[in-house]
Structure formats: structure tokens, C-alpha cells
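# Examining the three-dimensional arrangement
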Amino acid sequence: MGNDVKQQILEILGQTKSLLEDLALSGTHEIPVIPRAEALPRCELPPSGGGQGAAVLCQRESLEEILTDLGDCRRCPLCEGRKNIVFGVGNPQARLVLVGEAPGREEDEKGEPFVGEAGRLLDRILHAMGLGRDQVYICNVEKCRPPGNRDPRLEEIEACEPFLIRQLASIRPSVIVALGKFAAQTLLRDQTSITRLRGTWKDYHGIPLMPTYHPAYLLRNPSGKQEVWEDMKQVLKRLQQSEQG
Ligand code: URA
């Protein structure tokens, strides 16, 4: 070892010793060692209203890990009638996640959310926002099709929602859009009508959430498109703000 290297090591050791002495004088007698990633607990969403401030030491799951855990899900009776599990599509690092209700017939056939007529309208809304499917993430509260597209039931939601929560904790988007009454009421634990919920920001575990009308509702009530566009303009503004700082 050359004299220069030895000198550098001695200097580093000297600086480390001084640092440790300073820490001891200021009352620090232990330095926590950051555990290896695999030893960390899974990242959970903080309690709603808890804000984003607290730094949590946790291991972020990937969407693939969550999908693997979901497996050939048999956690509720919807598994009996489904053709495919509809997990979600899009960018795992999306700043915007859109959450719908449950797959319909076409989604069940393809294993992908929002691929039917309502999905084509959703694509047009995203296009008007300057966004493509590859930039956002789209999923549903329920991952399997309810027979005849009936409303989801409590036992199904209880079985399925933990996976949605894990998807959202994995992506940790800047903004969530709840598409329709069912997604908004489920995510917010609030039975207020979608007409009253839509258009104002809510808090979903520290993530701003905008409830708006479901695209299928807009197909039946096109006059609601104006309100959805107002909501989406707010979403775009929020996304821009979050990118700036
Ligand atoms: N409606 C939804 O809520 N989700 C879909 O994936 C399709 C239609």
C-alpha cells in the first residue's frame, strides 16, 4: 500500500473518530443500521388523513409480486364465473391511477380493464388530457366480473380490496381518480352520492383523490361529460403541481 493511500485512510479514520465523539457529546450513543431491503416490512398506506410527511422504512412491493400473490384467486364466489382475472394495466410508476368498479363482459374476455365501450370513452378522455394508457395505471375495485354486471357485494369487496390497496401502495401515484359511485364510495368509505362527491378533492391515505362520473354513466348521460372534463382539468393541474415540487 502506498504512503498516499495510508495517509488517506488515516485521515478518514480521524474524521470518523471526531464524528463519533461529536455524536456522543450530543447524546447519541447508538446509530441505527438500515436493515436489508428483504428484512423490511411491506409498505402499507398510512392512515387516511395522515399526510405524506412521515418517512416510513418499508419495502415497496412490485405489481408482479402482488399479482403472483393473487394467483388463481378463489377468495370469493366470483371466481366461479370468471374467464380472466382483470388485475390492471399501465405504468407501474404512473403519477395518475384511475380506479373503476369491476370488469364487464369484454374485460373478462380479455383480462384487461376498460376495453369495452366505456373504456373507449375513457381513452378519449385521457387523450384529451394529453395522456395515453401507457402513462397511467387503470384498475378496478373488483378483479373479477360480477355475473350480469350486477353491483359488487360486500364479501367480494372484502376479499378483493386488499389487493387494490397494495397496488396503490406499490404505485403511490400523485393523484387517484375514482370512476363512478362505486369506486368513490368504496375507496372513501363514504355513502354520499357521486353527484355530491364528484368535483372536490378527497384524501386517500395522503394521496389526493378526485371522484368523478363513470364513463358508462356518461354513455347514458352525455351531458355529464362537461362536469367530468372540469374534474379532469383539476386533475391535470394537480399533476402539474406535483411535478413542480
Ligand atoms: N367498468 C368498470 O368499472 N371497469 C371496467 O374495467 C370496465 C367497465
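An account of the accompanying structure is given in this report. (Residues numbered from 1 in each chain as written. Predicted model: local features only at pLDDT ≥ 70, side-chain atom pairs only at ≥ 80, totals over all residues. Heavy atoms only, no water.)

### Things to note about the environment of W201
- Along the chain, W201 falls in the loop between α7 (194-197) and β5 (202-204).
- Sequence-wise, W201 and F114 are 87 residues apart; in three dimensions their C-alpha atoms are separated by 24 Å.
- Among all residues touching W201, those that are not within four sequence positions of it are V175, P208, L209, M210, Q234, V235 and R238.
- Side chain to side chain, W201 and Q234 meet in a polar contact 3.2 Å long. (Helix = DSSP H or I, 4+ residues; strand = E, 2+ residues; numbered from the N terminus. Contact = heavy atoms within 4.5 Å. Polar contact = N/O pair within 3.5 Å; in protein donor to acceptor, adjacent residues only side chain to side chain.)

### Concerning unusual backbone geometry
- Unusually for a residue other than glycine, F114 sits at a positive phi of about 50°.
- By the element assignment, F114 lies in the loop between α3 (105-110) and α4 (117-128).
- Its identity as a non-glycine residue notwithstanding, N149 has a phi of 60°, on the positive side.
- Tracing the backbone shows N149 in the loop between β3 (137-140) and α5 (154-171).
- Assessed through its relative accessible area of 44%, N149 is described here as partly exposed. (Buried < 20%, exposed > 50% of the residue type's maximum accessible area, 1.4 Å probe, protein only.)

### Let's talk about the sheet that holds β3
- Read across the open sheet, the six strands follow the order β1-β3-β2-β4-β6-β5; overall the sheet is mixed. Looking at the sheet topology across the chains shown, the edges are occupied by β1 (89-90) and β5.
- Pairing of strand β4 (residues 175-179) with strand β6 (residues 207-212), which is carried by four bridges, proceeds in the parallel orientation. By the bridge assignment, A178 is partnered in β6 with P211.
- Lying on the sheet, α5 is in contact with β2 (96-100), β3, β4 and β5; it crosses β3 at an angle near 165°. (Pairing = 2+ DSSP bridges. Axes fitted to C-alpha atoms, helices over the stretch in contact; angles between N-to-C directions.)

### Thoughts on α4
- With 12 residues, α4 extends 17 Å between its outermost C-alpha atoms, agreeing within 8% with the 16 Å of an ideal straight helix rising 1.5 Å per residue.
- Packed against the buried residues of α4 are β2, β3, β4, α8 (215-220) and α9 (225-244).
- Once α4 finishes, G130 follows within two positions and takes phi at roughly 80°, a positive value. (Expected span 1.5 Å × (residues − 1).)

### Considering the pairing of β6
- Burial within β6 is extensive, with six of its six residues counted as buried.
- Of the two faces of β6, both are covered, the one formed by I207, L209 and P211 as well as the one formed by P208, M210 and T212.
- Where β5 lies against β6, three bridges are found, and the strand directions are antiparallel. Opposite Y204, over in β6, you have I207 as the bridge partner.
- Connecting β5 to the next strand, β6, in antiparallel fashion are two residues, including H205 with a positive phi near 50°.

### Let's talk about the state of the cysteines
- This structure, assessed with the given rule, holds one disulfide.
- Considering cysteine sulfurs only, C76 is the nearest to C79, which forms no disulfide, with 6.4 Å between them.
- Left without a disulfide partner, C160 is nearest to the cysteine sulfur of C144, which lies 6.3 Å away. (Disulfide = S-S within 2.5 Å.)

### Re the side chain of D231
- Structurally, the position occupied by D231 is in helix α9.
- If near-sequence neighbours (up to four positions away) are discounted, D231 is found in contact with R198, G199, M210, P211 and T212.

Limitation: the analysis is restricted to geometry and does not speak to function.
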